[in-house]
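Commentary on secondary and tertiary structure
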Amino acid sequence: MNYWSEGDPIADTAAPDGPIETRWERRQFAAKLVNPANRRKLTVIVVGTGLAGGSAAATLAEAGYKVRSYCYQDSPRRAHSIAAQGGINAAKNYRNDGDSVYRLFYDTVKGGDFRARESNVYRLAQVSVNIIDQCVAQGVPFAREYGGLLDNRSFGGTQVSRTFYARGQTGQQLLLGAYQALERQVALGNVEMHTRHEMLELIVVDGKARGIVVRDLVTGEISTEFADAVVLASGGYGNVFFLSTNAKGCNVTASWRAHRKGALFANPCYTQIHPTCIPESGTHQSKLTLMSESLRNDGRVWVPVRAGDDRVPADIPEDERDYYLERIYPSFGNLVPRDIASRAAKNVCDEGRGVGPGGLGVYLDFADAIARLGRDAVEAKYGNLFEMYERITGDDPYITPMRIYPAVHYTMGGLWVDYDLQSTIPGLFVVGEANFSDHGANRLGASALMQGLADGYFVLPNTINDYLASGPFPALSASHPDVAAARAAVSERISALLAVDGDRTVDSFHRELGHIMWEYCGMERTEEGLTKAISLIRSLREEFWTRVKVPGTGETLNQNLERAGRVADFFELAELMCVDALHRAESCGGHFRAESQTPDGEALRHDDEFSYVAAWQFAGTGEPPVLRRETLDFEYVHPSQRSYK
Ligand SMILES: Cc1cc2nc3c(=O)[nH]c(=O)nc-3n(C[C@H](O)[C@H](O)[C@H](O)COP(=O)(O)OP(=O)(O)OC[C@H]3O[C@@H](n4cnc5c(N)ncnc54)[C@H](O)[C@@H]3O)c2cc1C
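As the structure is a computational prediction, the values presented were derived from the model and not from experiment.

**With respect to the UniProt feature "domain: FAD-dependent oxidoreductase 2 FAD-binding" (unreviewed entry) in the protein**
Feature annotation in UniProt assigns "domain: FAD-dependent oxidoreductase 2 FAD-binding" (unreviewed entry) to the following positions: residues 44-449. Here residues 44-449 runs as 29% helix and 19% strand, with 23 Å between its end C-alpha atoms.

Quick look at the structure:
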């Protein structure tokens, strides 16, 4: 059976060549500008108000463009970015511990297992230093040392301290900063804010992205909205697994609708499984809770040496504990990258040495840190995370080690964009977690906030000018055939979901889909498992369209209907993820193919065959997707077997 077909290669033609240090500056200089008086004549739609969308909308409005901003929450402040805990990286070298733009670049390319673009990653590292200044100017209360300087801590995959943080609430504080900047522009009349509106279709006219179809989630009204360019900042799709650390509402619909309209989807199978989450406790759960990676600065990860040892942790003496990360990876210890730590946890649990119910857990122990630093110091750093853990599990982590297990957390895949963050549909730009751009096959901790804010505050506001300089584009009306067709497609889809009137809930389908994905496209993948998953997904999708029950109507607030549309898109995405994982017969970062491992069980890449971005083109419903390859070149950081030993 042909699961995919081969298409023409694709290239990132927007990226300048020459010395990597000057590429961004040269691209900015070469990009066309729009003079301030003309900016007022140009409208940009921004879908999403998280860190990427909030910062982009505020900055574009500040520059003088007319911005229309959309989110499905009741406030821009409730975007999922608010949940980010641990911190944001920047190559400031405040600690004088050998950090530099080049080292952040190097760590990120290596951390991504040599599956990211060098040009993008270098720019990210350069811009990282501006983000901190921008946020401090906004009043973001980063943690400070006694002397008043900004404090840093370490995250996985690095040997320096470059992570800026605001206790365990970094995302919240950064989002409040972006939100204030955004609200200022709303008050000035430069941003029109549309909360509780969901984008359900992209409007493409004459090959250009010209608007979106949205549904008012309160009244059910469907409308068409026009602009000269559309920016998607709609976040990641980890919830395809049903259980993940993402906010319950996170979904793929905005990206998927754009994909069906011609935007390529890159590396969909690259999923980040985060090693430090509170283990699943039963079928009642609808989401999982992250325990920030920052805890691995001071917490030590261990399991009993002996399989089946079910003594309480306090009764297990030191010499009967296996601090396996420190043992296997002495250079990085507990701060190995997430993909490595997650697989190591799975391996010890597979050996029967896992702890807690079902043996699916490992300890994260703070006893040494408390003895060394004192309880107060530990509480000052991690207090809110400890409290959250205690509220959820009933255990006091100051006394009993936390129990943690890997869970789906972030998606490195997303819509393909060039160096300008423009997708393959002219005028459609994609920022933040929704694009695929900078993390390769594995994202290092504290780099999502960095990328989202780099995209929104600094990169997009420079690159989008180059496109908008050709505008304003001809005015559109609802009667334009392409606009009317986009709107009709939304109405038909809603009617189709309501018409099934079956006997199974949306959630029961979503849960079953998530189970298939976790089982066969989760921490370990095989050719056999992925083939099986594709056939399971197809039959479950068929069942969905004959048995799903969506109560109520489309004319009012109807959360079942919202969820049904999102789950329908997850079904299509899930199949593409499995096809992508199947075609990539190598292991790299978050994609571990059991058939491709080193003798000691580490991910084994095949650079000769797979050193490319897999950008998938939609070929029509029921048709195999088309694989377009973008070759990756490494001039500066030469691909090697990743070692953290
Ligand atoms: C628990 C947790 C902790 C984390 N901690 C860290 C950390 O410490 N450091 C770090 O770097 N990263 C962290 N991350 C990752 C990081 O938080 C996210 O990658 C990042 O916040 C994503 O930002 P975003 O702006 O791209 O998307 P989001 O914040 O997810 O925002 C998406 C926006 O799009 C809107 N939207 C989506 N679809 C539609 C639609 N169809 N119509 C209208 N609006 C739509 C939503 O309403 C929302 O406003 C963490 C993630 C989790 C889950």
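**Digging into the packing of helix α15 (residues 527-547) against helix α16 (residues 559-583)**
At a minimum axis distance of 9 Å, the contact between α15 and α16 shows a crossing angle of 160 degrees. As far as their axial angle goes, α16 and α15 are roughly antiparallel. Helix-helix and strand crossings are classified by hand; for α15 and α16 the assignment is left-handed. In contact with E527, L530, T531, A533, I534, I537, R538, L540, R541, F544 and W545 of α15, α16 contributes A564, V567, A568, F571, E572, A574, E575, C578, V579, A581 and L582. A breakdown of the residues in the contact of α15 with α16 according to their chemical character gives 16 nonpolar, one polar and five charged.

**Focus: the site of the ligand**
Around the ligand there are 37 residues in total, and Q73, S81, G86, M199 and E433 lie nearest to it. One of the backbone N or O atoms of A233 is found 3.3 Å from an oxygen atom in the ligand. Contact with the protein chains hides 98% of the accessible area of the ligand, taken as 1000 Å² for the molecule alone. Here the shell around the ligand takes three residues from strand β7 (residues 197-205), the largest share from any one element. Residue composition of the shell around the ligand, by class: 17 nonpolar, 17 polar and three charged.

**Quick look at the sheet that holds strand β9 (residues 222-226)**
Overall, antiparallel pairing links the three strands, which are arranged β7-β8-β9 in an open sheet. Taken across any chain shown, the strands that pair with only one partner, and hence form the sheet edges, are β7 and β9. For this sheet, the mean angle separating the axes of adjacent strands, direction not counted, is 30 degrees. The sheet contact formed by β7 and strand β8 (residues 208-216) spans eight bridges and is antiparallel. Paired with H197 across the strands is D216, a residue of β8.

Definitions and cut-offs
Residues numbered from 1 in each chain as written. Predicted model: local features only at pLDDT ≥ 70, side-chain atom pairs only at ≥ 80, totals over all residues. Heavy atoms only, no water. UniProt positions renumbered as here; feature names shortened; annotations may be inferred. Helix = DSSP H or I, 4+ residues; strand = E, 2+ residues; numbered from the N terminus. Axes fitted to C-alpha atoms, helices over the stretch in contact; angles between N-to-C directions. Parallel < 35°, antiparallel > 145°, perpendicular 65-115°, else oblique. Left-handed = near helix turned anticlockwise from the far one by under 90°. Contact = heavy atoms within 4.5 Å. Nonpolar A, V, L, I, M, F, W, Y, C, P; charged D, E, K, R; others polar. Near = heavy atom within 4 Å. Polar contact = N/O pair within 3.5 Å; in protein donor to acceptor, adjacent residues only side chain to side chain. Areas by Shrake-Rupley, 256 points an atom, 1.4 Å probe, with all protein chains shown as cover. Pairing = 2+ DSSP bridges.

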